[in-house]
Amino acid sequence: MPAAPGSVVDNITLYWLTGTGASSARWYWEFGRFLAAAREAGQAPPPVKVPVAFTTFPDEIWAAPRSWVEAVYPDVAYFNEVDRGGHFAAWEEPELFAAEMRAAFRPLRGR
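Criteria and thresholds
Residues numbered from 1 in each chain as written. Predicted model: local features only at pLDDT ≥ 70, side-chain atom pairs only at ≥ 80, totals over all residues. Heavy atoms only, no water. Helix = DSSP H or I, 4+ residues; strand = E, 2+ residues; numbered from the N terminus. Rg over C-alpha atoms; globule rule 2.2 N^0.38 Å. Phe/Tyr/Trp six-rings, centres within 6.5 Å; stacked < 30°, edge-to-face > 60°. Pairing = 2+ DSSP bridges. Right-handed = clockwise from strand over helix to strand, strands pointing away. Buried < 20%, exposed > 50% of the residue type's maximum accessible area, 1.4 Å probe, protein only. Expected span 1.5 Å × (residues − 1). Bend = angle between axes of the 7 residues up to and from the residue. Core = buried A, V, L, I, M, F, W, Y, C linked by side-chain atoms within 4.5 Å. Contact = heavy atoms within 4.5 Å. Salt bridge = Lys/Arg side-chain N within 4 Å of Asp/Glu carboxyl O.

Some words on the overall build of the protein chain
Along the protein chain, the regular secondary structure elements total 5 helices and 2 strands. In the protein chain, the order of α-helices and β-strands from amino to carboxyl end is α-α-β-α-β-α-α. Computed over its C-alpha atoms, the radius of gyration of the protein chain comes to 17 Å, more than 25% above the 13 Å expected for a compact globule of 111 residues. The C-alpha extent of the protein chain, read off along each of the three principal axes, is 45 × 35 × 30 Å.

Looking at the packing of aromatic side chains
Counting across every chain of the model gives 5 aromatic pairs. Aromatic side chains phenylalanine 31 and phenylalanine 34 sit 6.1 Å apart centroid to centroid with 25 degrees between the ring planes, which places their arrangement in the stacked category. Taken together, the residues span about one helical turn, with phenylalanine 31 and phenylalanine 34 both in helix H2 (residues 21–40) at a distance of 3 residues. One aromatic cluster is present, formed by Trp27, Tyr28, Phe31 and Phe34 through successive ring pairs.

A word on the pairing of strand E1 (residues 53–56)
Here 4 bridges tie E1 to strand E2 (residues 78–81), and the two strands are oriented parallel to one another. For alanine 53, the partnering residue across the bridge sits in E2 and is tyrosine 78. Where the polypeptide runs from E1 across helix H3 (residues 66–72) and back to E2, its parallel neighbour, the crossover connection is right-handed.

Comments concerning the environment of serine 7
As for its position among the elements, serine 7 is in helix H1 (residues 5–18). Here serine 7 falls in the partly exposed class, since its relative accessible area comes to 25%. Through-space distance from the C-alpha of serine 7 to that of tryptophan 91 is 10.0 Å; in sequence the pair is 84 residues apart.

Details of H2
With 20 residues, H2 extends 29 Å between its outermost C-alpha atoms, agreeing within 8% with the 28 Å of an ideal straight helix rising 1.5 Å per residue. At tryptophan 27, H2 shows its strongest bend, of approximately 35 degrees. Positive phi shows up at glycine 42, right after H2, with a value of about 70 degrees.

Quick look at the nonpolar core
By size, the foremost hydrophobic cluster in this structure holds 5 residues: Val52, Ala64, Val69, Val76 and Phe79. With residues up to four places along the chain from it excluded, the contact list for valine 52 reads Tyr73, Val76, Ala77 and Tyr78.

Brief notes about the pattern of salt bridges
Inspection of every chain in the model, using the stated rule, returns 4 salt bridges. Salt bridges sharing common partners tie together Asp83, Arg84 and Glu93.

Shown next as structure tokens:
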């Protein structure tokens, strides 16, 4: 079940009152700078050397098709498209998100 509208306001208020909004967004800023520097230097980002799992949620800002995911992560270990959820899937659909995490890591257990 999607998050109730009141809980969205609660979550935003928590970030606002604790002053943690900027730190929660820092990864996006750092990664953007990293990609810009690589582009300016004419270099591709280094390849990802760990297994990658990817679930695409239909209400994501960009619901990436498998072909896009494989272009960036050629050795994608897990890919799935689900029928609900969006950018904040862990919050919007916690049971589905947990099931996807379990499915993604199941093949890697015992390695």
